[in-house]
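Here are the chains, one letter per residue:
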Amino acid sequence: MTHVLDPGTLAAGTRPGPGPGTPFDDVTRSDAALRAFLHGLSGVDQVGAEQRAATLGTRSIKTTAKAWAIDTAIAMIDLTTLEGADTPGKVRSLAAKARRPDPTDPSCPAVAAVCVYGDLAGVAREALEGTGIHVAAVATAFPSGRASREVKLADVRDAVANGADEIDMVIDRGAFLSGRYLEVFEEIVAVKEACGGAHLKVILETGELVTYDNARRASWLAMLAGADFIKTSTGKISPAATLPVCLVMLEAVRDFRAATGTQVGVKPAGGIRTTKDAVKHLVLVNETVGADWLSPDWFRLGASSLLNDLLLQRQKLRTGHYSGPDHVSVD
Ligand SMILES: O=C[C@H](O)COP(=O)(O)O
């Protein structure tokens, strides 16, 4: 088993949260204070962010670094299926692929997690028992987030009871865009509590937040409320994960750690399909927040079809030629 993620490091309570007595205790006491804080964050230089992301995206890396990057990217994948037509059989076969992405090569790392709807978390849990691979479940009326608080919390509890050890929740974008920040904050706090020992990823759905300033504000809001990870997108809305938005979120986790001492992970998700996309994200992480985030504990790639391209490129590096599409299983 070459899985690089130590499940122990994700145990509940191992990361201190902002909590009472921190510099940000006061800003979440009232809607007005929270609004003043979020709107007081420095604005994102849109042109600068896009240029920097584009420049980093064209960096070439050496062959040895490429081999490392491919294995690192594989180990960071949340291997995802989020279709209405998902079945226990499909989840079992995804779990088999998660455990041994390349059955011909035992040195190939396993992925970080399998990500499914909550009703299939039990199937994934059973198929992954003893592997160290996490079970992530989307919840809170994914992908729209349109349901009562009660229904959303029941969704979370159900997924955790089914065996999810990571919950990917969506924020209420309607409330956020209407400026009802405290409502969004309180919902995340309630979901975090419903998670119990499960880790919480908060999906901002940046494609619906429209501006980079909003992406920065939503990142801070989620972190203040106790997010273990902030995640770009559901994968159901375009644009999903883009390099500039990932840059903005990486800057937010960097600044949050500097201010509070708490490290939060980042998960771009949606539309990441090629090895090139994955490597660009790793370069971005390295250049923005550094090696502290270059691990599956702190950076994930949410993707349904990226793994096959990584496996094809990995095979090419090892053997000097592509093995053809039948080397990898059809998703
Ligand atoms: O969270 C992960 C996304 O739903 C996957 O999106 P994708 O199918 O574009 O890779």
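For the structure itself, consult the block above.
Residues numbered from 1 in each chain as written. Predicted model: local features only at pLDDT ≥ 70, side-chain atom pairs only at ≥ 80, totals over all residues. Heavy atoms only, no water.

Would you explain helix 6 (residues 149-161) in this entry?
An α-helical turn contains 3.6 residues, so a residue and the one three or four places further along point in the same direction. Given a rise of 1.5 Å per residue, 13 residues ought to cover 18 Å, and the 18 Å separating the end C-alpha atoms of helix 6 matches this to within 8%. Of the surrounding secondary structure, the elements contacted by the buried residues of helix 6 are helix 5 (121-128), strand 3 (134-139), strand 4 (166-170) and helix 8 (181-195). Phi for Gly163, located one or two positions after helix 6, is positive at around 115°. (Helix = DSSP H or I, 4+ residues; strand = E, 2+ residues; numbered from the N terminus. Expected span 1.5 Å × (residues − 1). Contact = heavy atoms within 4.5 Å.)

Is there a simple way to think about the site of the ligand in this case?
Taken together, the residues surrounding the ligand are Thr80, Leu82, Lys231, Thr234, Gly235, Ala269, Gly270, Gly271, Arg273, Gly302, Ala303 and Ser304. Take Arg273: an N or O atom from its side chain is 2.8 Å from an oxygen atom of the ligand. The side chain of Ser304 places a nitrogen or oxygen atom 2.5 Å from an oxygen atom of the ligand. In a pocket analysis with a 2 Å cut-off to the grid points, the ligand is assigned to the largest pocket. Per-class residue counts for the shell around the ligand are three nonpolar, seven polar and two charged. (Near = heavy atom within 4 Å. Polar contact = N/O pair within 3.5 Å; in protein donor to acceptor, adjacent residues only side chain to side chain. 1 Å grid on protein atoms, 1.4 Å probe; cavity = no way out; pocket = protein on both sides within 12 Å on 5 of 7 lines; lining within 4 Å. Sits in = over half its atoms within 2 Å of the grid points. Nonpolar A, V, L, I, M, F, W, Y, C, P; charged D, E, K, R; others polar.)

Mind showing me how you'd approach the environment of Ser107 here?
The topology assignment puts Ser107 in the loop between helix 4 (88-99) and strand 2 (113-117). The partly exposed category is assigned to Ser107, whose relative accessible area is 44%. Residues Ser107 and Leu224, spaced 117 residues apart in sequence, show a C-alpha to C-alpha distance of 39 Å. There is a polar contact of 2.7 Å between the side chain of Ser107 and the side chain of Asp105. (Buried < 20%, exposed > 50% of the residue type's maximum accessible area, 1.4 Å probe, protein only.)

Would you explain the packing of helix 6 against helix 8 in this entry?
What describes two packed helices is the angle between their axes and the distance between those same axes. Running from N to C, helix 6 and helix 8 cross one another at 30°; their axes reach a closest spacing of 9 Å. One element, helix 6, and the other, helix 8, form an angle in the roughly parallel class. At the point where helix 6 passes helix 8, the crossing takes the right-handed sense. Here Arg149, Lys152, Leu153, Val156, Arg157 and Val160 of helix 6 lie close against helix 8, whose contacting residues are Glu183, Glu186, Glu187, Ala190, Val191, Ala194 and Cys195. Grouping the amino acids of the contact of helix 6 with helix 8 by side-chain chemistry returns seven nonpolar, no polar and six charged. (Axes fitted to C-alpha atoms, helices over the stretch in contact; angles between N-to-C directions. Parallel < 35°, antiparallel > 145°, perpendicular 65-115°, else oblique. Left-handed = near helix turned anticlockwise from the far one by under 90°.)

Mind showing me how you'd approach unusual backbone geometry here?
Excluding glycine, most residues fall at negative phi; most peptide bonds, likewise, are trans. The step from Phe142 to Pro143 runs through a cis peptide bond, and the omega angle for that step is 0°. One can find Pro143 in the loop between strand 3 and helix 6. Backbone torsion omega between Ser238 and Pro239 reads 0°, so that peptide bond is classified as cis. As for its placement among the helices and strands, Pro239 is situated in the loop between strand 6 (229-231) and helix 11 (243-260). Despite not being glycine, Thr140 has its phi angle at roughly 65°, a positive value.

I would appreciate a short explanation of the side chain of Gln313 in the present structure.
Along the polypeptide, Gln313 turns up in helix 13 (residues 306-319). In contact with Gln313, not counting residues within four places along its chain, are Lys66, Ile70, Thr275 and Tyr322.

Sorry, what's going on with the pairing of strand 2 here?
Consecutive side chains along a regular strand alternate between the two faces of the sheet. Summarising burial for strand 2: four of the five residues are buried, a large majority. Note on the crossover from strand 1 (residues 77-80) through helix 4 to strand 2: the handedness is right-handed. Relative to strand 3, strand 2 runs parallel, the two sharing five bridges. Paired with Ala113 across the bridge in strand 3 is His134. Taken together, strand 2, helix 5 and strand 3 form a β-α-β motif whose crossover is right-handed. (Right-handed = clockwise from strand over helix to strand, strands pointing away. Pairing = 2+ DSSP bridges.)

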